[in-house]
Amino acid sequence: MKITTWKTIRNLAFLLLLVIPPSLSARTLCVFSLVGAQGELWEQMEDYRVAALQWGEPLSLRVFTDERIAAEDLKAGLCDGLMMTGMRARQFVPFTGSIDAIGGLHNYRSLQVLIELLADPRLAAAMRHGAYETAGILPLGAAYLHINDRAINSVEKMAGHTMAVFDNDRAQILMAEHIGVRPVLSDVSNFSSKFNNGVVDVIAAPAVAYRPLELYRGVGLQGVVLKLTTVQLTLQLVLRHERFSPEFMARSRHYFADQFERTMKVIRAAEDDLLFFYPPPDKDRERYAQMMNESRRFLIEAGVYDRDMMRWLKKVRCKVSPARAECVDGGEW
């Protein structure tokens with residue numbers, strides 16, 4: 001009988017798990033999800049679990065709504081792997097964790113090219129750092145500046161205002177200080193409430209967070225979501241490489257690369273749902289671009305971003321948009 005739905009495949013996978021010999025006990029994959037064991041990401045990880053079983057690797061999933069705790073469990077060996085944000089992944093695999101660099105990639109086509117490139121077996125060694133290896137990358141969506149007052153309409157006018165920055169991301173803290181914004185240390189669980197309650201004036205967030213975290217409350221009627229990509233955010237699956245075969249890692253990276261368009265449907269729908277989503281004035285576009293490039297170079301020199309990844313990001317930018325000035329003028333990144 002032909003299997004026609006993922007639900008049927010999942011049910012079959014569950015039955016197979018019941019008869020797996022003890023010697024093939026399931027590895028535990030931890031998943032960071034603010035909304036818990038539901039939503040698109042959780043469904044994607046369930047589908048991945050089914051695919052892994054077909055490759056001969058039984059997996060069990062464990063959800064976390066606190067990314068900090070999930071990361072600590074990965075370090076302690078309680079998780080065999082963790083699906084987390086690229087910013088958090090930087091501490092485990094600096095190479096792929098630096099994809100989420102300020103101004104690193106300017107559009108989704110560039111991100112897709114990079115993810116497909118990183119699934120090439122010839123780059124397998126670069127995906128490993130110490131005990132950890134990146135086994136899959138998904139887009140999370142571009143981070144856009146959410147501002148509670150449209151009068152803050154230029155880089156210069158942001159100086160002196162407050163911005164929520166993640167306390168685990170040195171890049172955000174240094175960038176805020178570099179452009180004169182007052183950083184307010186936050187984390188994934190409270191940055192939105194600080195914005196919505198007026199504690200901070202500015203946050204950077206992807207469109208997929210807009211409705212679930214009620215960011216429209218912080219934007220209000222006087223604010224704006226700046227239609228300008230500051231960072232291409234990602235989700236990254238990082239595994240303890242000694243617990244999985246090289247063949248599994250390669251299959252896993254290809255699997256997630258093939259999920260790009262599926263994930264982008266959710267991101268595009270969320271972006272279509274944004275209110276007060278406007279591009280900056282033409283006269284300010286160049287200044288914003290300059291600010292992001294300066295911040296990225298500053299963070300490279302400060303040792304925050306992996307230099308090899310910065311070179312790959314430039315190669316991809318120039319492959320997708322060869323007319324960019326940087327592609328003519330040269331320069332390392």
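To start, this report covers the structure provided alongside it.

Thresholds applied
Residues numbered from 1 in each chain as written. Predicted model: local features only at pLDDT ≥ 70, side-chain atom pairs only at ≥ 80, totals over all residues. Heavy atoms only, no water. Core = buried A, V, L, I, M, F, W, Y, C linked by side-chain atoms within 4.5 Å. Buried < 20%, exposed > 50% of the residue type's maximum accessible area, 1.4 Å probe, protein only. Helix = DSSP H or I, 4+ residues; strand = E, 2+ residues; numbered from the N terminus. Contact = heavy atoms within 4.5 Å. Expected span 1.5 Å × (residues − 1). Polar contact = N/O pair within 3.5 Å; in protein donor to acceptor, adjacent residues only side chain to side chain. Phe/Tyr/Trp six-rings, centres within 6.5 Å; stacked < 30°, edge-to-face > 60°. Lys NZ or Arg CZ within 6 Å of the ring centre and 35° of its normal. Axes fitted to C-alpha atoms, helices over the stretch in contact; angles between N-to-C directions. Parallel < 35°, antiparallel > 145°, perpendicular 65-115°, else oblique. Nonpolar A, V, L, I, M, F, W, Y, C, P; charged D, E, K, R; others polar. Pairing = 2+ DSSP bridges. Left-handed = near helix turned anticlockwise from the far one by under 90°. Disulfide = S-S within 2.5 Å. 1 Å grid on protein atoms, 1.4 Å probe; cavity = no way out; pocket = protein on both sides within 12 Å on 5 of 7 lines; lining within 4 Å. Points joined across faces, edges and corners; volume = space filled by probe spheres on them.

### As for the nonpolar core
Judged by nonpolar contacts, the single largest core of 87 residues is most densely connected at Leu-118 and Tyr-305. The element contributing the most residues to this core is strand S5 (residues 132-147), with seven residues. If we ignore the near neighbours within four places in the chain, the residues touching Tyr-305 are Arg-90, Ser-98, Asp-100, Ala-101, Ile-102, Ala-171, Arg-296, Leu-299, Ile-300 and Met-310. Among the nonpolar cores identified, the runner-up in size contains 21 residues, and Trp-42, Ala-51, Leu-61 and Leu-239 belong to it.

### As for helix H14 (residues 307-320)
Look at H14: 20 Å from first C-alpha to last across 14 residues, which is about the 20 Å you get at 1.5 Å a residue. What H14 keeps buried is the set Met-309, Met-310, Leu-313, Lys-314, Val-316, Arg-317 and Cys-318. On the buried face of H14, the contacting elements are helix H5 (94-97), helix H6 (108-118), helix H13 (282-301) and helix H15 (325-329). The opening residue of H14, the one whose side-chain oxygen lies 3.0 Å from the backbone nitrogen of Asp-308, is Asp-306.

### Description of the packing of aromatic side chains
Enumeration according to the criterion identifies 12 aromatic pairs in this entry. Ring plane angle 75 degrees and centroid distance 6.0 Å describe the contact between Trp-55 and Tyr-255, whose orientation is recorded as edge-to-face. Remark: Tyr-255 occurs in helix H11 (residues 246-257) and Trp-55 occurs in the loop between helix H2 (39-54) and strand S2 (59-64); sequence separation between them is 200 residues. Given the relative accessible area of 13%, Tyr-255 is considered buried. What links up through ring pairs into an aromatic cluster is the set Tyr-48, Trp-55, Phe-244, Phe-248, Tyr-255 and Phe-256. Above the ring of Trp-312, the side-chain terminus of Lys-315 is found at 4.3 Å from the ring centroid.

### Quick word on the packing of H2 against helix H12 (residues 260-272)
For the pair H2 and H12, the least separation of the axes is 11 Å and the interaxial angle reads 170 degrees. As the angle between them shows, H2 and H12 are arranged roughly antiparallel. In this structure, H2 contributes Glu-40, Glu-43, Gln-44 and Asp-47 to the contact, and H12 contributes Arg-262, Thr-263 and Val-266. Split by residue class, the contact of H2 with H12 holds one nonpolar, two polar and four charged.

### Some words on the pairing of strand S6 (residues 162-166)
Of all five residues in S6, five are buried, a share of seventy percent or more. With burial as the criterion, each face of S6 is covered, one bearing Thr-162, Ala-164 and Phe-166 and the other bearing Met-163 and Val-165. Where S6 meets strand S7 (residues 182-186), five bridges bridge the pair, whose relative direction is parallel. Of the residues in S7, the one forming a bridge with Ala-164 is Val-184.

### Concerning the packing of helix H8 (residues 170-179) against H13
Taken N-terminus to C-terminus, the directions of H8 and H13 make an angle of 125 degrees; their axes are 10 Å apart at the nearest point. Between H8 and H13, the angle is such that the two are oblique. In terms of crossing hand, the pair formed by H8 and H13 is right-handed. Facing H8, whose interface residues are Ala-171, Leu-174, Met-175, His-178 and Ile-179, H13 presents Met-291, Glu-294, Ser-295, Phe-298 and Leu-299.

### Observations concerning the state of the cysteines
One pass over the structure, following the stated rule, counts two disulfides. Residue Cys-30 pairs covalently with Cys-79 via a disulfide, S to S 2.0 Å. Given an S-S torsion of about -85 degrees, the disulfide between Cys-30 and Cys-79 has left-handed geometry. One end of the pair, Cys-30, is in strand S1 (residues 27-32); the other, Cys-79, is in the loop between helix H3 (67-75) and strand S3 (81-85), with 49 residues separating them in the sequence. For the residue pair Cys-30 and Cys-79, the accessibility class agrees, reading buried in each case. Note on cysteine connectivity: Cys-318 is disulfide-linked to Cys-327, with sulfurs 2.0 Å apart. Looking along the S-S bond of the Cys-318-Cys-327 disulfide, the torsion reads about -95 degrees, which is the left-handed sense.

### Quick word on empty space enclosed by the protein
What the rule picks out here adds up to one cavity of 30 Å³ or more. When its volume is computed, the largest cavity comes out at roughly 40 Å³. Considering the residues around the largest cavity, the lining is formed by Ile-115, Leu-118, Ala-119, Met-127, Gly-136, Ile-137, Arg-253 and Ala-257. Among the elements of the structure, H6, S5 and H11 are those that each provide at least two residues to the lining of the largest cavity. Broken down by class, the residue content of the lining of the largest cavity amounts to six nonpolar, one polar and one charged.

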